[in-house]
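Results of the structural survey
The chain contents come next:
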Amino acid sequence: MILLKRFFTALSLLLLCQMIISCDKKDDVIGNWEAMQWKTDKIEGSVKIEGKSDALMTFIVSGEGSVEVACENYSGFWISEANYPKDWEDPLKYDYEWLTISISGNKALCEFSNVAEDFHKELLISMTAGNIFYTFQFIRAEDFGLSGKWAPIKWSLENLEGNVEMETFDYYTNFYVEGDCSFDLVCENYAELWFEPGLFTSFPLEDIYNVGAYWCHLNIRGNTVFCRIDDWNKTDIGGMDFEVCAGEIYSKLYFYQKSVITNRK
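Residues numbered from 1 in each chain as written. Predicted model: local features only at pLDDT ≥ 70, side-chain atom pairs only at ≥ 80, totals over all residues. Heavy atoms only, no water.

A closer look at the overall build of the protein
This is how the line gets drawn: Where helices and strands are cited, they refer to DSSP runs of H or I of at least four residues and of E of at least two residues respectively, numbered from the N terminus. Throughout this description, buried means an accessible area under 20% of the type-specific maximum (1.4 Å probe, protein chains only), exposed means over 50%, and partly exposed covers the range between. Contact criterion: two residues are considered in contact whenever any of their non-hydrogen atoms come within 4.5 Å of each other. In short, Shrake-Rupley with a 1.4 Å probe defines the accessible areas, and a residue's cover is counted only from the protein chains shown.
Looking only at helices and strands, the protein features 1 helix and 16 strands. Out of the 265 residues belonging to the protein, those deemed buried represent 49%. Considering only intrachain contacts with a sequence separation of at least 6, the fraction spanning at least 24 residues in the protein is 66%. Accessible area of the protein: about 12900 Å², with a carbon and sulfur share of 49%.

Here is the structure:
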């Protein structure tokens, strides 16, 4: 096991050195790395791409299938983190439950198998090409309220104070924040909401109506999520996620500090 960990560490360092050499216009300084750009190809089966942002792409999956993704502006990348299992070690191969990812050069083949009764409805895989990161979000339609029975949660932004950008998709919403700010997030089509544990964070959920950590604090009353963002201490993490539920439908809320997201000033 020790030799295996040393091998993966050496492989990651080798890939990092290769990327630094091949990308001579990029300095190894946070903020100077160009956002990873992706294209998708060879889609087979029931796979829907929900949306793409500077930091995240969502795949809605039902049954068996596959999709190939290619990074257009880096010659190679590897896996830096996964929400399940937490201790994933192989930087070029991921194989867990219904998802398999194989990376070669600047391409990743993502393959989906049928699910058993007990499975994780969402898998999040963070990719890196050095000092830049990107997250692939894979959601199983079978257990995420996407079959048509439950309509996606619709949000409206009210009582905004401060610097906030909102980017909405059917099943998740990105918030890019800067400094102290606050706003109300109102659900337009469900009367009652509550929180479920975030899948890519380790914050304990002790109260289904109140969550928060570091600079992000949320509480729910009825159909409204009240959001308060504190000024960011740069020693803290720059992004967090929380999951809001209205029954058999969920909506992910992602909060990012603008200064750590490339191309957002």
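Details of the layout of surface pockets
Where empty space is left becomes clear once a probe the size of a water molecule has been rolled over the atoms. Rule in force here: A pocket here means an open set of points on a 1 Å grid, computed over the protein atoms alone, that has protein on both sides within 12 Å along at least five of seven lines. A cavity is instead a set of points where a 1.4 Å probe fits but cannot get out; residues with an atom within 4 Å of a point line either one. Grid points are joined across faces, edges and corners, and a volume is the space filled by probe spheres set on the points.
Here the second largest pocket is characterised by a volume of approximately 170 Å³. At 5 residues, the largest contribution of residues to the lining of the second largest pocket is made by strand E3 (residues 78-82).

Here we look at the pattern of salt bridges
Where charged atoms of side chains with opposite charge meet at close range, the side chains can pair. Counted only if it meets this: Any Lys or Arg side-chain nitrogen located within 4 Å of an Asp or Glu carboxyl oxygen qualifies as a salt bridge.
According to the stated counting rule, one finds 8 salt bridges in the structure shown. For Asp241, the salt bridge identified is with Lys252, shortest N-O distance 2.7 Å. With a gap of 11 residues between them, Asp241 in strand E15 (residues 239-245) and Lys252 in strand E16 (residues 250-257) connect regions that are remote in the sequence. For the pair formed by Asp241 and Lys252, the shared burial category is buried. Taking the shortest distance from any N to any O, the salt bridge between Glu243 and Lys252 comes out at 3.9 Å. The structure contains a network of salt bridges with shared partners spanning Lys121, Glu122, Glu196, Asp241, Glu243 and Lys252.

Side note on the environment of Asn106
Relative to the assigned elements, Asn106 resides in the loop between strand E5 (99-104) and strand E6 (107-112). Overall, Asn106 belongs to the partly exposed group, its relative accessible area being 25%. Spatially, the C-alpha atom of Asn106 lies 4.3 Å from that of Gly76, the residues being 30 residues apart in sequence.

Points about the pairing of strand E8 (residues 133-140)
Applicable threshold: We treat two strands as partners when DSSP finds at least two bridges between them.
Burial analysis of E8 places 7 of its 8 residues in the buried class, the great majority of the element. One ladder, built from 6 bridges, connects strand E2 (residues 56-71) with E8; its direction is parallel. Note on E8: the bridge partner recorded for Met57 is Phe136. Of the pairings in the sheet, the one linking strand E7 (residues 122-128) to E8 comprises 7 bridges and is antiparallel in character.

Let's talk about the side chain of Gln257
Within the secondary structure, Gln257 is located in strand E16. A relative accessible area of 3% places Gln257 in the buried class. Discounting chain neighbours no more than four positions away, the residues touching Gln257 are Val177, Glu178, Trp215, Ile229, Asp230, Trp232 and Gly238.

Some points on the packing of aromatic side chains
Let me state the cut-off plainly: The rule is short: rings of Phe, Tyr and Trp, with Trp giving its six-membered ring, pair when the centres are within 6.5 Å, and they are stacked under 30 degrees, edge-to-face over 60, tilted in between. The criterion is that NZ of a Lys, or CZ of an Arg, lies within 6 Å of the ring centre and within 35 degrees of the ring normal, and then a charge sits over that ring.
In the structure shown here, the tally under the stated rule is 17 aromatic pairs. Relative to Phe138, the ring of Phe136 has its centre 6.3 Å away and its plane inclined at 75 degrees; by these criteria the two rings are edge-to-face. With respect to burial, Phe136 and Phe138 carry one shared label: buried. Taken together, the ring pairs connect Trp38, Phe59, Phe77, Phe112, Tyr134, Phe136 and Phe138 into an aromatic cluster. Over the face of the ring belonging to Tyr250 we find Lys121, whose NZ or CZ atom lies 3.4 Å from the ring centre. Its guanidinium or amino end placed over the ring of Trp98, Arg140 lies 4.8 Å from that ring's centre, counting from NZ or CZ.

Topic: unusual backbone geometry
Note the cis peptide between Tyr84 and Pro85, where omega equals -15 degrees. Its place among the elements puts Pro85 in the loop between E3 and strand E4 (93-96). Even without glycine at this site, Asn159 takes up a positive phi of about 55 degrees. By the secondary structure assignment, Asn159 is in strand E9 (residues 155-168). A relative accessible area of 54% means that Asn159 is categorised as exposed. Positive phi is not limited to glycine here, since Tyr214 has a value of about 55 degrees. Counting through the fold element by element, Tyr214 comes out in the loop between strand E12 (210-213) and strand E13 (216-221). Since its relative accessible area comes to 45%, Tyr214 is described here as partly exposed.

Observations concerning the nonpolar core
The line we're drawing: The definition of a nonpolar core used throughout is a set of buried Ala, Val, Leu, Ile, Met, Phe, Trp, Tyr and Cys residues joined through side-chain atoms within 4.5 Å.
Ranked by size, the top nonpolar core spans 33 residues in total, and within it Trp155, Leu193, Leu218, Val225 and Phe255 carry the most contacts. Mapped onto this core, the elements with two or more residues apiece are E9, strand E10 (172-187), E12, E13, strand E14 (224-229), E15 and E16. Top contributing element to this core by residue count: E10, with 6 residues. Contact partners of Leu218, with chain neighbours within four places excluded, come to Phe195, Tyr209, Asn210, Val211, Val225, Phe226, Cys227, Phe242, Leu253 and Phe255. Membership of the second largest hydrophobic core comes to 31 residues, among which are Ile79, Ala108, Met127 and Phe136.

All quantities given are derived from atomic positions and should not be read as evidence of function.
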